[in-house]
Amino acid sequence: QVQLVESGGGLVQPGGSLRLSCAASGFAFSSYAMSWYRQAPGKERERVAAITNTGGITNYADSVKGRFTISRDNAKNTLYLQMNSLKPEDTAVYYCAKSNATIPIGHDYWGQGTQVTVSS
């Protein structure tokens, strides 16, 4: 069965960095686009970054553009999110999601999430 397991979250000071990972199994990882979403308490879920199946095209929410980088290693079935210059407003649970296509137009599976807290 499809499994997505996030890791790498934690507590970091403003201006710091974290790298999230999402280990995928149970499907042909290299055939599907992937995305990172986040949800803060009391807020709507927001997609922060997406990547096509080959990694050739990425896109980002305006709120993270220039600070976050999404990438993937299809040989390792792993999705990454490098987060730099973190701000308190980046605090949220971060989820990876599998698309049902080579481009990130819809998502059919989600991980359990990893908490990111940015605070001094």
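These figures come from a predicted structure and were not determined experimentally.

A. Main features of unusual backbone geometry. Positioned with a positive phi, Asn-77 is a non-glycine residue whose angle comes to about 55 degrees. In this fold, Asn-77 is placed in the loop between β7 (68-73) and β8 (78-83). Residue classification places Asn-77 among the partly exposed positions, given a relative accessible area of 29%. At Ser-85, a position not held by glycine, the phi torsion is positive, near 50 degrees.

B. Representation of the pattern of salt bridges within the structure. Using the criterion set out here, one finds 5 salt bridges in the structure. Between Lys-98 and Asp-108 there is a salt bridge, with the nearest N and O atoms lying 3.1 Å from each other. Of this pair, Lys-98 sits in strand β9 (residues 92-99) while Asp-108 sits in strand β10 (residues 107-110), and the two are 10 residues apart along the sequence. The class of Lys-98 is buried, set by a relative accessible area of 4%.

C. A look at the packing of aromatic side chains. Summed over all chains, the structure comprises 3 aromatic pairs. Above the plane of the ring of Tyr-37 lies Arg-45, whose end atom (NZ or CZ) is 5.5 Å from the centre. In this structure, Lys-98 packs its charged tip against the face of Phe-27, placed 5.5 Å from the ring centre.

D. Structural view of the sheet that holds strand β3 (residues 18-25). The 4 strands lie next to each other as β1-β3-β8-β7, forming an open sheet whose pairing is antiparallel. Either end of the sheet is taken by a strand with one partner, and the two such strands are β1 (3-7) and β7. In this sheet, adjacent strand axes meet at a mean angle of 15 degrees when their direction is disregarded. As judged from the 5 bridges shared by β1 and β3, these two strands associate in the antiparallel manner. Note on β3: the bridge partner recorded for Ser-7 is Ser-21.

Conventions adopted
- Residues numbered from 1 in each chain as written.
- Predicted model: local features only at pLDDT ≥ 70, side-chain atom pairs only at ≥ 80, totals over all residues.
- Heavy atoms only, no water.
- Helix = DSSP H or I, 4+ residues; strand = E, 2+ residues; numbered from the N terminus.
- Buried < 20%, exposed > 50% of the residue type's maximum accessible area, 1.4 Å probe, protein only.
- Salt bridge = Lys/Arg side-chain N within 4 Å of Asp/Glu carboxyl O.
- Phe/Tyr/Trp six-rings, centres within 6.5 Å; stacked < 30°, edge-to-face > 60°.
- Lys NZ or Arg CZ within 6 Å of the ring centre and 35° of its normal.
- Pairing = 2+ DSSP bridges.
- Axes fitted to C-alpha atoms, helices over the stretch in contact; angles between N-to-C directions.

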